[in-house]
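# Architecture at a glance
In case you want the letters, here they are:
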Amino acid sequence: MQSERFAQEIDVKVSAKRLWWGFIKDGHNCLPKCLPDKISSVEYEGGRLCEVGSVRKINFNKGVYRFHFVKEKFEEVDEEKLSVKLHIIEGGFLGALFHNYKITFQFCEGSVKWNVEYKALTGH
């Protein structure tokens, strides 16, 4: 089974460093405050905060998505380039649409880029 990819870029009016801080470094506090209708909490279950090997669990409010949470393992963290690669290890679309998937975020001045690498489940 071959991996597939897609990429997206959105324009933002927030500085790259501020987005990096709010989404990655202080995401356990900022994400539930910025998206209270979607995210109920963010917790770390393994490793140190936002370091390679750490595991972050994002809990979603009931009825927002078909899934209640997503667990992501930090595979790469580059504070100079403001980029992070997350491997989804549980929850989310894992087992529903994808056999596995990884997301890379790059925070740039004026935009956020992300790339998703995945292996789709057959028949989906």
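None of the values given here were measured: they were computed from a predicted structure. (Residues numbered from 1 in each chain as written. Predicted model: local features only at pLDDT ≥ 70, side-chain atom pairs only at ≥ 80, totals over all residues. Heavy atoms only, no water.)

### Concerning the sheet that holds strand 6 (residues 98-108)
For the record, the criterion: Think of it this way: DSSP has to see at least two bridges between two strands before they count as a pair. We count a stretch as a helix when DSSP gives it H or I for four or more residues in a row; a strand needs E for two or more, and each element gets its number in order from the N terminus. Lines fitted to the C-alpha atoms define the axes, with helices restricted to the stretch that makes contact. Angles between their N-to-C directions range from 0 to 180 degrees. Throughout, a residue-residue contact means that at least one pair of heavy atoms, one from each residue, lies within 4.5 Å.
The strand order across the open sheet built from 7 strands is 1-7-6-5-4-3-2, with neighbouring strands paired in antiparallel fashion. The outermost strands of the open sheet, each flanked by one partner alone, are strand 1 (4-11) and strand 2 (39-46). Neighbour-to-neighbour, the strand axes of the sheet open up by a mean angle of 25°, direction not taken into account. On the sheet, helix 1 (residues 16-25) packs against strand 2, strand 3 (55-60), strand 4 (69-78), strand 5 (83-91), strand 6 and strand 7 (111-120) and is oriented at approximately 145° with respect to strand 6.

### Things to note about the pattern of salt bridges
How we decide: Salt bridge, as applied in this entry: a Lys or Arg side-chain nitrogen positioned within 4 Å of an Asp or Glu carboxyl oxygen. Each residue is placed in one exposure class: buried if its accessible area under a 1.4 Å probe, protein chains only, is under 20% of its type's maximum, exposed if it is over 50%, and partly exposed if it falls in between.
Across all of its chains, the model carries 6 salt bridges by this definition. Residues E72 and R56 are paired through a salt bridge, measuring 2.7 Å at the closest nitrogen-oxygen approach. With a gap of 16 residues between them, E72 in strand 4 and R56 in strand 3 connect regions that are remote in the sequence. Among the residues examined, R56 registers a relative accessible area of 0% and is labelled buried. Its salt-bridge partner being E90, residue K71 comes within 3.3 Å of it at the nearest N-O pair. A residue pair is termed long-range when its members are at least 10 positions apart, and K71 in strand 4 and E90 in strand 5 qualify at 19 residues.

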